[in-house]
Amino acid sequence: GAVVSQHPSRVICKSGTSVKIECRSLDFQATTMFWYRQFPKQSLMLMATSNEGSKATYEQGVEKDKFLINHASLTLSTLTVTSAHPEDSSFYICSAKGIEQYFGPGTRLTVT
Amino acid sequence: EDQVTQSPEALRLQEGESSSLNCSYTVSGLRGLFWYRQDPGKGPEFLFTLYSAGEEKEKERLKATLTKKESSLHITAPKPEDSATYLCAVHAPNQAGTALIFGKGTTLSVSS
């Protein structure tokens, strides 16, 4: 139980394009989901907290217009990286709050 | 500012050589300390939650303990498959819910 999936697992896009990443809780409902970013050999840094049916709360320094988050249902949150640039290349990981906080497998974004 | 510090940064063990990983934290109003395991290129896998000083939890070769200012993850007779990065995190309040603040992790390598 308590499985969180992410799609896609890897994506390569060109600079200036937008990319959408999906996060789903497969066997439980999550009113709260979180989006993290992890750079090589660094720990996870919280980007934003997503609550179903309301606007996401972004951490200081995270551009809300660049990283669009939608939590449309109790099992799905999406992160859209708009006008991506090479510096946005990173490992994006979502988590969903059930009994504990469970993480997805991550999405490797490479912007060329 | 809330902070989680893990030591050592890296640890190399021979198979069967027991050792401990440490996590110290400074957070006002601890509402849970969490241990996760992360394999390269994957999302964190939940291991334990500890809530109060003196609490201990075990899972296979792993045992986590908690004091008022730190937590230890002891690994007994490790095997090569225990090689991974072990992350410590604490619950900290943010505007919209409780997110996790992560330490930088301890990368464990177990050789046969």
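Source: prediction; values computed, not measured.

Conventions used here
- Residues numbered from 1 in each chain as written.
- Chains lettered and ligands numbered in written order.
- Predicted model: local features only at pLDDT ≥ 70, side-chain atom pairs only at ≥ 80, totals over all residues.
- Heavy atoms only, no water.
- 1 Å grid on protein atoms, 1.4 Å probe; cavity = no way out; pocket = protein on both sides within 12 Å on 5 of 7 lines; lining within 4 Å.
- Points joined across faces, edges and corners; volume = space filled by probe spheres on them.
- Helix = DSSP H or I, 4+ residues; strand = E, 2+ residues; numbered from the N terminus.
- Nonpolar A, V, L, I, M, F, W, Y, C, P; charged D, E, K, R; others polar.
- Pairing = 2+ DSSP bridges.
- Axes fitted to C-alpha atoms, helices over the stretch in contact; angles between N-to-C directions.
- Buried < 20%, exposed > 50% of the residue type's maximum accessible area, 1.4 Å probe, protein only.

> What is the right way to look at the layout of surface pockets in this model?
Empty space among the atoms becomes visible once a probe the size of a water molecule is rolled across them. The space that makes up the largest pocket amounts to roughly 1300 Å³. If you trace the largest pocket, you find 43 residues lining it, with A:Q42, A:S43, A:L44, B:G103 and B:K104 closest to the centre. Contributions of two or more residues to the lining of the largest pocket are made by β4 (32-38) and β5 (45-51) of chain A together with β1 (3-7), β9 (84-93) and β10 (98-102) of chain B. For the lining of the largest pocket, the element with the highest residue contribution is β9(B), accounting for 5 residues. Taken together, the residues that form the lining of the largest pocket break down as 19 nonpolar, 16 polar and 8 charged.

> Looking at this structure, I do not really get the sheet that holds strand β8 (residues 76-81) of chain A. What am I missing?
Each strand in a sheet pairs with its neighbour through backbone hydrogen bonds, running either in the same direction (parallel) or in the opposite one (antiparallel). All names here are of chain A. Pairing is antiparallel in the open sheet, where 4 strands are placed in the order β1-β3-β8-β7. Unpaired on one side and paired on the other, β1 (4-7) and β7 (67-73) mark the two borders of the sheet. Strand-to-strand twist of the sheet, defined as the mean angle between neighbouring strand axes without regard to direction, takes the value 15°. Pairing between strand β3 (residues 19-25) and β8: 6 bridges, direction antiparallel. Bridge assignment links R24 to a residue of β8, and that residue is L76.

> What is the right way to look at the environment of A:T57 in this model?
Residue and element names in this part refer to chain A. Examined against the element boundaries, T57 turns out to sit in strand β6 (residues 57-58). Owing to a relative accessible area of 14%, T57 belongs among the buried residues under this scheme. Distance in space between the C-alpha atoms of T57 and S18 is 21 Å, their sequence separation being 39 residues.

Note that every value here comes from positions in space, so none of it alone points to a role or purpose.
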